[in-house]
Amino acid sequence: MLANFKIGTLAAALGIAVLAGGALLLVRAVPEEKFVEYRMDEPQDAPIAIAAGIDGSIWFTIDHANAIGRLRNGRIERLPTSSRNIEPLGLAVAADGSAWYTDLAARAIARISSVGEIARFVLDTPITRLGRLVIAPDGAAWLADPTGYGLTKLKDGVFTRYQIESARGGPYGVAVTADGDIWATLQNGNQLLHLAVDGTSRTFDLPRGGAVPTDVAVGSDGSVWFLQFRANRIGRFKDGQFSDVEAGPENAGLSGIAVAPNEDVWFGMMRRASLGRLRNGHLEIFALPRDNARPFSIAVDRDGNVWYADISGFVGMLPARHAVAR
């Protein structure tokens, strides 16, 4: 969404409803004391993207900061980046524990090792706008590249661009399957894009006009889950069929989506200062401890803990024992 909104106004996000045609199922809010939150040391720090490493580390980008954040053993660390982050939407953690992130100021994709060493790979465009980023099973970094009007792969230091066949484009979210297929959202095109390992691609028009798809995630059963910003809905695409769920009568400002190991779908609700969970067509709201909370990105770690980057200056977590409870 940062392609359309400044960081200071990120509170305008996305939305959700019940699988096509069902009645809306809003359940009770979960008590706030179940959350664990970590306040940023610097009052101006705004966590943007968040990702969980297999070693238990939680990485997050910080807007307008000369650092990348990492949470280990209950403590926040700031790893210097030597340049200021601007709208750092893309972030993913590789199998070796390094983190990859989008670096707009340097017009680059950057890799930071577990000990803080940074390598930058500069794009060949003079002006760069980048969306989300993901790491494929083969170690390649894939990013949504609105400037290049497509998807870009970075592997072994080499960029490969895949142009979008859609006449409208506007990639923002990107996700990868266990087999290495890529799924992306095309905001302007109101479409999903599927890019197979063999390089063939196909677009799918969303059934709701002007929905503006943003973040996307893939479940282990092959379901493609995505947020619909203007439609205030969470969409699902599986076996060639679309369905969706509504977030409520008012725009919830949905942003960030992740699928948990048990297939629960989690997302941020910026205008409700809450997290949402979608399970078997039921939507449950988990109110965050602060009314001004703005959860912009979501990640679920290997243990099922649900993490969120809150642009109001916090990184938070809903422990798995509460996240899986009915």
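Above this text is the structure in question.
Residues numbered from 1 in each chain as written. Predicted model: local features only at pLDDT ≥ 70, side-chain atom pairs only at ≥ 80, totals over all residues. Heavy atoms only, no water.

(A) Main features of the overall build of the protein. Across its full length, the protein holds 1 helix and 29 strands. Looking at the protein as a whole, 60% of its 326 residues qualify as buried. For the protein, the share of sequence-separated contacts (at least 6 apart) that also reach a separation of at least 24 residues comes to 46%. Put simply, the protein shows about 13200 Å² of open surface, and 48% of that area lies on carbon and sulfur atoms. (Helix = DSSP H or I, 4+ residues; strand = E, 2+ residues; numbered from the N terminus. Buried < 20%, exposed > 50% of the residue type's maximum accessible area, 1.4 Å probe, protein only. Contact = heavy atoms within 4.5 Å. Areas by Shrake-Rupley, 256 points an atom, 1.4 Å probe, with all protein chains shown as cover.)

(B) A look at the pairing of strand β26 (residues 282-287). Counted residue by residue, β26 has 5 buried out of 6 residues, so it is predominantly covered. Where strand β25 (residues 274-279) lies against β26, 6 bridges are found, and the strand directions are antiparallel. When the bridges of β26 are listed, Gly276 appears paired with Ile285. The turn joining β25 and β26, which pair antiparallel and follow one another in sequence, is formed by 2 residues; a positive phi near 55° is taken by Asn280. (Pairing = 2+ DSSP bridges.)

(C) Here's a closer look at the sheet that holds strand β29 (residues 314-318). What the 4 strands build is an open sheet, ordered β2-β29-β28-β27; its pairing is antiparallel. A strand with exactly one partner marks an edge of an open sheet, and here the two such strands are β2 (36-39) and β27 (295-300). Averaged over all pairs of adjacent strands, the angle between strand axes in this sheet comes to 20°, irrespective of strand direction. Relative to β29, strand β28 (residues 306-310) runs antiparallel, the two being bridged by 5 bridges. Considered in β29, the bridge of Asp310 is made with Phe314. (Axes fitted to C-alpha atoms, helices over the stretch in contact; angles between N-to-C directions.)

(D) Expanded view of the packing of aromatic side chains. Overall, the coordinates contain 9 aromatic pairs when judged by the stated rule. Summarising the aromatic geometry, the rings of Trp100 and Phe121 are spaced 5.7 Å apart at their centres and angled 25° between planes, so their arrangement reads as stacked. With Trp100 in strand β8 (residues 99-103) and Phe121 in strand β10 (residues 118-122), the pair connects residues that are 21 residues apart, well separated along the chain. By relative accessible area, Trp100 is classed as buried at 11%. (Phe/Tyr/Trp six-rings, centres within 6.5 Å; stacked < 30°, edge-to-face > 60°.)

(E) The side chain of Ser223, seen in detail. The topology assignment puts Ser223 in the loop between β19 (213-218) and β20 (224-228). A distance of 3.0 Å separates the side chain of Ser223 from the side chain of Arg236, its partner in a polar contact. When residues no more than four places from it in sequence are discounted, the contact partners of Ser223 are Ala217, Val218, Arg236, Phe237 and Lys238. (Polar contact = N/O pair within 3.5 Å; in protein donor to acceptor, adjacent residues only side chain to side chain.)

(F) Quick peek at the pattern of salt bridges. Tallied over the full model, the rule gives 16 salt bridges. Asp45 is the salt-bridge partner of Arg78, the closest N and O atoms lying 2.3 Å from each other. With Arg78 in strand β6 (residues 75-80) and Asp45 in the loop between β2 and β3 (46-52), this residue pair connects regions lying 33 residues apart in the sequence. For Asp45, a relative accessible area of 3% gives the class buried. Here the salt bridges do not stand alone but share partners, grouping Glu37, Arg290 and Asp310 into one network. (Salt bridge = Lys/Arg side-chain N within 4 Å of Asp/Glu carboxyl O.)

(G) Representation of the sheet that holds strand β5 (residues 67-72). Overall, antiparallel pairing links the 4 strands, which are arranged β3-β4-β5-β6 in an open sheet. The sheet is open, and its two borders are formed by β3 and β6, each paired with just one other strand. Across this sheet, the average inter-strand angle for adjacent strands is 25°, counted without regard to direction. When β5 meets β6, the two strands line up antiparallel, connected through 6 bridges. Residue pairing for β6: Ile68 is matched across the bridge by Leu79.

(H) Seen up close, the nonpolar core. Among the nonpolar cores identified, the biggest contains 16 residues, and Trp225, Ile234, Leu254, Ile257, Phe267, Met269 and Leu278 are the most heavily contacted of them. Elements that contribute at least two residues to this core include exactly β20, β23 (254-259), β24 (265-269) and β26. The next biggest cluster of nonpolar side chains, apart from the first, holds 15 residues, and it includes Trp266, Ala273, Ile298 and Leu318. (Core = buried A, V, L, I, M, F, W, Y, C linked by side-chain atoms within 4.5 Å.)

(I) Main features of the layout of surface pockets. A volume near 1500 Å³ is recorded for the largest pocket. Taken together, 50 residues line the largest pocket, and the ones lying closest to its centre are Val134, Val176, Val218, Val259 and Val300. Mapped by element, the contributors of at least two residues to the lining of the largest pocket are β3, β7 (91-93), β11 (133-135), β15 (171-176), β19, β23 and β27. Looking at the lining of the largest pocket residue by residue, the class counts come to 33 nonpolar, 10 polar and 7 charged. In this structure, the second largest pocket encloses a volume near 200 Å³. Lining of the second largest pocket is provided by 13 residues; of these, Trp225, Glu263, Leu278, Arg279 and Asn280 occupy positions nearest its centre. Classifying every residue of the lining of the second largest pocket gives 4 nonpolar, 4 polar and 5 charged. (1 Å grid on protein atoms, 1.4 Å probe; cavity = no way out; pocket = protein on both sides within 12 Å on 5 of 7 lines; lining within 4 Å. Points joined across faces, edges and corners; volume = space filled by probe spheres on them. Nonpolar A, V, L, I, M, F, W, Y, C, P; charged D, E, K, R; others polar.)

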